[in-house]
Protein chains: 2
Amino acid sequence: MHEKSVNKTVPNKAVHGVAAVTTGPIEGSSKHYLESDSLRIPLRRVTLTTGEHLDLYDTSGPYTDTAATIDLDRGLPRTRDAWERSARDSTQLECARAGVITPEMRYCAVREGVSAELIRSEVARGRAVIPANHRHGELEPMIIGKKFAVKINANIGNSAVTSSVAEEVEKMVWAIRWGADTIMDLSTGKDIHLTREWILRNSPVPVGTVPIYQALEKVNGDPTALTWEIYRDTVIEQCEQGVDYMTVHAGVRIGYIALTANRVTGIVSRGGAIMAAWCMHHRQESFLYTHFDELCEILRRYDVTFSLGDGLRPGSIADANDAAQFAELRTLGELTQIAKAAGVQVMIEGPGHVPMDKIEENVRLEEELCDEAPFYTLGPLATDIAPAYDHITSAIGAAMIARAGTAMLCYVTPKEHLGLPNRDDVKTGVITYKIAAHAADLAKGHPNAQARDDALSKARFEFRWLDQFALSLDPDTAREFHDETLPAEPAKTAHFCSMCGPKFCSMRISADVRQYADLLETEPARTELGFPQVRSVGSPT
Amino acid sequence: MHEKSVNKTVPNKAVHGVAAVTTGPIEGSSKHYLESDSLRIPLRRVTLTTGEHLDLYDTSGPYTDTAATIDLDRGLPRTRDAWERSARDSTQLECARAGVITPEMRYCAVREGVSAELIRSEVARGRAVIPANHRHGELEPMIIGKKFAVKINANIGNSAVTSSVAEEVEKMVWAIRWGADTIMDLSTGKDIHLTREWILRNSPVPVGTVPIYQALEKVNGDPTALTWEIYRDTVIEQCEQGVDYMTVHAGVRIGYIALTANRVTGIVSRGGAIMAAWCMHHRQESFLYTHFDELCEILRRYDVTFSLGDGLRPGSIADANDAAQFAELRTLGELTQIAKAAGVQVMIEGPGHVPMDKIEENVRLEEELCDEAPFYTLGPLATDIAPAYDHITSAIGAAMIARAGTAMLCYVTPKEHLGLPNRDDVKTGVITYKIAAHAADLAKGHPNAQARDDALSKARFEFRWLDQFALSLDPDTAREFHDETLPAEPAKTAHFCSMCGPKFCSMRISADVRQYADLLETEPARTELGFPQVRSVGSPT
């Protein structure tokens with residue numbers, strides 16, 4: 001899609017080629033903070049031309065704060081390091097179970113507009129997670145769970161073929177600007193450690209990774225050369241850096257591999273394929289499965305959250321909800337119990353490609369088998385036939401699966417299946433997934449969701465174009481599209497738009513209806529004689 | 001979105017500024033015809049690099065046929081004029097009830113891959129319509145009903161502010177190229193009659209209109225100056241030209257107007273607002289309602305299909321499924337009975353803006369109140385907060401409502417609420433709605449739907465990039481996105497893609513899985529001893 005950046009950029013030469021990131025507020029918004037018990041929780045305030053304002057959940061970090069100094073070399077302030085250290089030796093899950101409300105929980109409660117006790121009880125129940133590595137001091141904590149606003153993740157990361165550290169850091173800043181709640185760094189090429197370091201030190205949102213990708217680099221791309229020790233050391237390296245959640249494909253057991261043989265698209269998950277190759281070659285059960293207890297111990301130490309990967313997810317409509325997929329899901333349920341018993345937070349990854357009639361079954365089964373651990377799905381795409389539009393094919397599935405109870409949606413960009421997303425694709429993916437998440441929030445009756453729709457629709461009805469832009473998910477593009485047809489500045493306050501033109505306007509007539517209804521109510525005697533005259537709508541006055 | 005036209009254009013100077021329309025086949029496809037009982041039904045054949053082919057439903061008309069001569073001045077050949085004239089004095093509905101299978105029904109049967117008897121019985125039941133004005137000789141007939149593939153409509157038309165005849169004719173050709181099943185000409189400015197004439201004479205798909213727009217032009221935009229006589233004469237004028245279906249907002253009764261007074265967005269339908277203004281001013285019941293019998297007589301004569309308009313549809317999430325909307329729907333049910341008794345085909349228009357949890361109720365009520373007449377909805381948009389992305393907000397709702405039984409979806413473009421769609425927007429809207437319609441066909445288990453998904457996914461799995469492009473809804477953009485990352489021609493046959501790079505590829509590993517599973521099956525004795533070795537995946541060979 002289109003975007004127009006009207007904001008300054010912050011140049012930086014020291015960061016291994018990081019030239020600049022986008023800063024400054026989103027058009028029509030400004031950064032505000034809520035002070036609560038020594039915490040300072042950010043929000044985005046949209047100030048309307050009526051003098052009213054609407055406060056929105058804000059994922060964008062200090063980058064949209066005109067008062068903040070951005071220094072990519074130094075990284076964001078490690079504000080969280082100064083919080084009470086009570087929870088530093090245990091996980092959010094362990095604290096929640098012990099009845100302790102952590103600063104992270106209080107932070108999330110303010111963001112969600114709910115009580116800290118609800119946050120605590122959902123985390124204790126394992127139905128929500130707060131991905132927050134003790135070492136990620138730059139983090140602004142957030143919660144993922146079906147009782148809260150649906151979250152979205154944006155994948156970034158370079159591959160062997162293309163991209164640079166500079167681009168990836170800017171993609172992170174760019175993605176959170178438009179609303180990404182978490183970021184996954186899926187780098188597979190060179191500089192994996194360095195890229196991740198720069199992203200973590202500058203990221204106010206949780207950062208997820210798939211450690212097997214880096215482990216594979218360490219063995220020069222040959223999956224059969226992987227060992228538990230190489231993998232374990234990679235996990236520790238990433239825990240030390242501050243990664244908040246990790247995808248682990250421990251559910252790809254050797255016995256399930258043959259179940260994928262007659263699929264249309266086999267194994268499409270990279271992590272799943274790596275582990276399948278390893279198991280086949282070594283004639284052994286997956287080391288992720290056999291060493292899962294040890295993995296739990298490591299993740300517990302840092303309070304890193306498991307994102308149990310769906311290595312056997314369907315890669316096509318034909319393969320949806322098949323034996324391989326659900327066999328793995330059953331194992332993920334078993335691993336969920338083990339992780340939770342070890343005090344580690346867990347979420348469960350889901351598909352993929354699923355036709356609309358098979359979507360709900362995924363949520364129902366996940367909740368049943370994995371004890372309602374937060375579900376985190378990739379789309380799903382509702383059809384295979386639209387490469388270049390898979391943000392849309394998947395937004396349909398994503399909205400539906402979120403409505404059914406999925407807690408976080410992994411975005412899909414227009415480049416899915418075709419190439420690596422560039423900056424424009426990242427924005428299109430994020431906005432599209434904000435739409436899916438918000439549509440689900442509305443349908444689930446999330447208490448704050450509809451206020452924004454109502455404010456925008458009211459602005460639309462009253463021809464307050466600037467307010468309509470400011471309240472929209474992408475003010476820049478909304479304004480640009482409007483200006484294409486009616487570029488003159490006065491048109492933004494004109495009481496008509498290009499659809500009908502100045503002579504006739506349906507919105508205008510609706511205003512007359514109100515006048516008419518008022519008359520019906522206040523002058524019943526007169527209206528019994530006949531309907532009141534209303535002013536002509538032919539005039540734009 | 002992006003598109004790249006590699007096709008020639010046909011220039012034409014005589015057509016009031018119509019410079020050229022896009023012709024030539026879609027990349028990877030060619031035009032074929034099925035000959036059946038003296039009918040010649042077009043299809044689009046995708047020929048694969050494997051030597052196989054897949055035949056697809058084709059809406060694009062002669063414009064994609066390299067053997068056709070396009071002459072916009074002369075219009076398309078009036079092939080249909082030569083068909084049996086048995087049905088020329090009656091409507092498809094009357095024929096169907098009399099047990100007569102018309103050429104139009106046989107034509108639709110071949111397109112849908114069903115029996116002509118199923119077509120006849122659904123039309124007789126009023127659960128499907130074949131919009132086919134006797135005077136639209138250029139038409140390639142199609143059927144709209146929930147037992148058949150979900151159809152999509154593209155709105156075009158100039159307004160007082162912008163656009164020209166030339167652009168609108170090209171938009172029609174462009175929209176059907178990408179899959180629009182019908183076109184609505186919603187022109188509101190000057191040259192309404194002429195624009196429509198050029199569209200009709202060159203349109204192989206049914207053309208719909210909203211006659212009240214032209215009637216309003218005749219009274220210089222003042223709705224209070226409208227009369228039944230002016231409206232009636234406009235309808236006759238359009239019937240004579242060959243319009244196939246007409247939106248008539250006869251359900252906006254005077255008593256319902258006050259029900260909209262407390263809405264967030266009042267009356268957003270132009271037709272609804274015009275009629276409300278007229279009723280309020282004249283203190284009279286709508287002339288469309290009081291003269292409905294006479295209207296039925298006129299439409300019957302030409303076999304023009306009613307599209308009973310939802311003039312009180314919700315224009316925001318807040319107004320969805322309210323008293324005004326459903327009061328009108330009840331009246332549409334009453335009018336449906338009257339029209340069908342008069343032998344006129346009917347479909348029912350639906351919303352609009354509806355949150356996901358209120359979508360199904362719309363279909364359920366429509367079917368109950370309107371005796372399952374085909375439902376034809378605008379989206380609905382699942383949230384209000386994404387102007388510039390309303391093709392996506394509405395694709396979510398459209399896919400869901402189609403799955404629930406809606407027969408045709410009216411597209412929404414990225415310019416919705418902001419301006420008039422240009423050629424790029426028309427394409428984006430059409431492709432997005434093909435996605436929604438196809439996702440619903442898949443979920444409904446439409447017999448032919450999944451074959452295309454399977455063929456594309458198989459091509460994807462086997463790295464047949466050219467086949468993947470050819471099978472996709474938009475081959476040009478899919479190829480363009482692929483080439484952005486890997487522009488070299490050899491990459492299109494390379495056994496890897498830019499997501500993982502040449503060294504590691506999950507699809508490649510899946511191929512090894514098949515080999516492994518085969519061994520498990522054919523050499524059980526050997527595999528009992530251990531798993532077979534598979535070749536290393538580190539090599540791209």
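For chain A, an unreviewed UniProt entry supplies the name Phosphomethylpyrimidine synthase and the organism Rhodococcus globerulus. Its UniProt record gives chain A a comment under Sequence similarities (unreviewed entry), which states: "Belongs to the ThiC family." One UniProt comment on chain A, placed under Catalytic activity (unreviewed entry), says "5-amino-1-(5-phospho-beta-D-ribosyl)imidazole + S-adenosyl-L-methionine = 4-amino-2-methyl-5-(phosphooxymethyl)pyrimidine + CO + 5'-deoxyadenosine + formate + L-methionine + 3 H(+)".

Draft legend 1. Spatial organisation of the confidence of the model for chain A. All names here are of chain A. Put simply, chain A has an average pLDDT of 89, and 87% of its residues get 70 or more. Low pLDDT (under 50) marks residues 10-18, which in the prediction has 26 contacts with non-local residues, meaning those over four places away or in another chain. Low pLDDT, under 50, characterises residues 524-541; the stretch is placed with 37 contacts to residues that sit more than four places away or in other chains. Of the two predicted TM-score estimates for the complex, the pTM is 0.92 and the ipTM is 0.92.

Draft legend 2. A look at the side chain of B:Arg196. In this structure, B:Arg196 sits in helix H5 (residues 192-201). Ignoring sequence-local partners within four residues, the contact set of B:Arg196 consists of B:Asp185, B:Thr209, B:Gln214, B:Glu237, B:Gln238, B:Gln241 and B:Val243.

Draft legend 3. Here's a closer look at the pairing of strand S3 (residues 29-36) of chain A. All names here are of chain A. Across eight bridges, S3 lies against strand S4 (residues 39-47) in antiparallel orientation. Looking at S4, one finds that histidine 32 is bridged to leucine 43. Between the antiparallel neighbours S3 and S4 lie two residues, among them aspartate 37 with a positive phi of about 50°.

Draft legend 4. Broad picture of the packing of helix H6 (residues 211-218) of chain A against helix H7 (residues 228-241) of chain A. Residue and element names in this part refer to chain A. As a packed pair, H6 and H7 sit with axes 9 Å apart at the nearest point and diverge in direction by 125°. In terms of orientation, H6 lies oblique with respect to H7. Here H6 runs over H7; the crossing is right-handed. Within the contact between the two elements, H6 uses Pro211, Ile212, Gln214, Ala215 and Lys218 and H7 uses Ile230, Tyr231, Thr234, Val235, Glu237 and Gln238. Looking at the contact of H6 with H7, its residues break down into six nonpolar, three polar and two charged.

Draft legend 5. Inspection of a negative patch on the surface at higher detail. Residue and element names in this part refer to chain A. A surface patch of negative charge is lined by Glu229, Asp293, Glu294 and Glu297. Its place among the elements puts aspartate 293 in helix H10 (residues 292-302). Taking relative accessible area as the criterion, aspartate 293 reaches 54% and is therefore assigned exposed.

Definitions and cut-offs
- Residues numbered from 1 in each chain as written.
- Chains lettered and ligands numbered in written order.
- Predicted model: local features only at pLDDT ≥ 70, side-chain atom pairs only at ≥ 80, totals over all residues.
- Heavy atoms only, no water.
- UniProt positions renumbered as here; feature names shortened; annotations may be inferred.
- pLDDT = per-residue confidence, 0-100.
- Contact = heavy atoms within 4.5 Å.
- Helix = DSSP H or I, 4+ residues; strand = E, 2+ residues; numbered from the N terminus.
- Pairing = 2+ DSSP bridges.
- Axes fitted to C-alpha atoms, helices over the stretch in contact; angles between N-to-C directions.
- Parallel < 35°, antiparallel > 145°, perpendicular 65-115°, else oblique.
- Left-handed = near helix turned anticlockwise from the far one by under 90°.
- Nonpolar A, V, L, I, M, F, W, Y, C, P; charged D, E, K, R; others polar.
- Patch = residues over 30% accessible without salt bridge, like charges linked within 9 Å, V, L, I, M, F, W, Y side chains within 5 Å.
- Areas by Shrake-Rupley, 256 points an atom, 1.4 Å probe, with all protein chains shown as cover.
- Salt bridge = Lys/Arg side-chain N within 4 Å of Asp/Glu carboxyl O.
- Lys, Arg positive; Asp, Glu negative; His and termini not counted.
- Charge placed at Lys NZ, Arg CZ, Asp CG, Glu CD.
- Buried < 20%, exposed > 50% of the residue type's maximum accessible area, 1.4 Å probe, protein only.

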